[in-house]
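Report on the structure
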Amino acid sequence: MVNIGIISEGITDQIVIEYILVGLLQNDDLSIDPLQPTRDATDEDLATSTGNWDKVFEYCESSRFEYAVLNTDFVIVQVDADIFTTKEISEKYKLYFGSDISVEDCVLQIRYMLIGLIGVDFYASYSSKIIFAISVDSIECWLLPIYYQNQSKQASKTVNCLNALNQVLSKQESYTIDKKKPQYYRRATKPYLKQRDLMKLYPMNPSLKIFIASILAKNITT
């Protein structure tokens, strides 16, 4: 059995990634370990450690990251790109996110920044086990292809994705995501559990496409 650890901003991000992994790899018994934030053993919808982007950074810089990589088949590191559009963060990490930057360049910059936190030498030795999940500009953007299958412009959005998602959820599913509640994300992401649907839809969103390509490049077998 392949074990995959996930370091993410929150539980809802983990859920989206889990469902994508199950759909892509077609194995309901895939061992997925929420490394950050951790979850309650009796209620997986409850976090036992705090989340947010700064916790992802702290984890990557700590000895916990090295331990996770050494004791797990693969480790996924997830962050939303939206935090890097703030002046304070972009200047601190020497990143550029002007209106003219492509999604590919955005992902590449954040990837290099995360490698710097991990440690260039350590990454060079264990890059085959590390996967970056950089959602531009939020994980909700990755759900748009499900609900805008016939509207490529909406499906490929990289800004204001939660608003766009809620607009269609209110019409098609009779609910909206008003808080980061796990049950909302399990319901919204469920179509990705079917490999056929996932493979058809993921190319519509650019940063999701990059993430899927990075998983496929690892040739993970379960």
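Residues numbered from 1 in each chain as written. Predicted model: local features only at pLDDT ≥ 70, side-chain atom pairs only at ≥ 80, totals over all residues. Heavy atoms only, no water.

**A look at the overall build of the protein chain**
Rules: Helix and strand definitions follow DSSP, with helices as H or I runs of at least four residues and strands as E runs of at least two, each counted in order from the N terminus. Throughout, radius of gyration means the C-alpha value; the globule benchmark is 2.2 Å times the number of residues raised to the power 0.38. The cut-offs for exposure are 20% and 50% of the maximum accessible area for each residue type, with area from a 1.4 Å probe on protein chains only; residues under the lower value are buried, those over the upper are exposed, and the others partly exposed. When checking whether two residues touch, look at their non-hydrogen atoms; a contact exists if any pair is within 4.5 Å. For accessible areas, the Shrake-Rupley method is used with a probe of radius 1.4 Å. Any residue's cover is judged against the shown protein chains and nothing else. We count Lys and Arg on the positive side and Asp and Glu on the negative side, and we leave His and both chain ends out. Charge positions are represented by NZ for Lys, CZ for Arg, CG for Asp and CD for Glu.
Secondary structure summary: the protein chain contains twelve helices and four strands in total. For 222 residues, the compact-globule estimate of 2.2 N^0.38 gives 17 Å, and the C-alpha radius of gyration of the protein chain, at 17 Å, lies within 12% of that figure. Its C-alpha atoms give the protein chain principal-axis dimensions of roughly 50 × 40 × 30 Å. For the protein chain, buried positions account for 51% of its 222 residues. By sequence separation, contacts in the protein chain at least 24 residues apart represent 67% of the contacts at least 6 residues apart. Accessible surface computed for the protein chain: about 10900 Å², of which carbon and sulfur atoms make up 47%. A gap of 6 Å separates the mean positions of the 22 positive and 28 negative side-chain charges of the protein chain.

**A look at the nonpolar core**
The condition is simple: To define a nonpolar core, start from buried Ala, Val, Leu, Ile, Met, Phe, Trp, Tyr and Cys residues and group those joined through side-chain atoms within 4.5 Å.
Residues Ile-4, Ile-20, Trp-142 and Phe-211 are the most contacted members of the largest nonpolar core, which totals 45 residues. Looking at this core, the element that brings in the most residues is helix H1 (residues 11-25), giving nine residues. When near neighbours in sequence (up to four residues on either side) are disregarded, Trp-142 contacts Val-16, Ile-20, Ala-133, Ile-134, Ser-135, Val-136, Tyr-192, Asn-205, Ser-207, Leu-208 and Phe-211. Of all hydrophobic cores here, the second largest spans 33 residues; its members include Val-75, Cys-106, Leu-114 and Phe-122.

**Observations regarding the state of the cysteines**
Stated precisely, the cut-off is as follows: Defined by distance alone, a disulfide is two cysteine sulfur atoms within 2.5 Å.
Under the defined criterion, the tally for this structure stands at one disulfide. The partner cysteine of Cys-141 in its disulfide is Cys-161, sulfur to sulfur 2.1 Å. Taking the sign of the S-S torsion, 90° for the link of Cys-141 and Cys-161, the bridge is right-handed. Separated by 20 residues along the polypeptide, Cys-141 in the loop between strand E4 (130-135) and helix H7 (144-147) and Cys-161 in helix H9 (residues 161-172) bring together distant segments of the chain. Residue Cys-141 shares its accessibility class with Cys-161, and that shared class is buried. Unpaired in this structure, Cys-106 has its nearest cysteine sulfur neighbour in Cys-141, at a distance of 11 Å. Residue Cys-106 is classed as buried on the basis of its relative accessible area of 6%.

**A word on the side chain of Asp-137**
Here is the rule we go by: Whenever Lys or Arg places a side-chain nitrogen within 4 Å of a carboxyl oxygen from Asp or Glu, that contact is recorded as a salt bridge.
Tracing the chain through its elements places Asp-137 in the loop between E4 and H7. The charged side chain of Asp-137 is buried without a salt bridge, its nearest counter-charge being Lys-157 at 8.8 Å.

**So, the environment of Ser-170**
As a reminder, the rule being used: Throughout this description, a polar contact denotes any pair of N or O atoms lying within 3.5 Å of each other; where both atoms belong to protein, one of them has to be capable of donating a hydrogen while the other can accept it, and for residues adjacent in sequence the pair is counted only when both atoms sit in side chains.
Mapped onto the secondary structure, Ser-170 falls in helix H9. Note on Ser-170: relative accessible area 38%, which makes it partly exposed. A polar contact is formed between the side chain of Ser-170 and the backbone oxygen of Gln-167, at a distance of 2.8 Å.

**Let's talk about the pattern of salt bridges**
Tallied over the full model, the rule gives five salt bridges. The salt bridge involving Glu-44 is made with Arg-186; its shortest N-O contact spans 3.4 Å. Taken together, the positions of Glu-44 in the loop between strand E2 (31-36) and helix H2 (53-61) and Arg-186 in helix H10 (residues 182-189) put the pair 142 residues apart, joining distant regions of the chain. Here Glu-58 makes a salt bridge to Lys-55, at a shortest N to O gap of 3.8 Å. Placement of both Glu-58 and Lys-55 in helix H2 is noted, with a separation of three residues, approximately one turn of the helix. Classification of Lys-55 by relative accessible area gives partly exposed; the value is 25%. Several salt bridges share partner residues, and in doing so they unite Glu-18, Arg-39, Glu-44 and Arg-186 into one network.

Keep in mind these numbers describe shape, not what the thing actually does.
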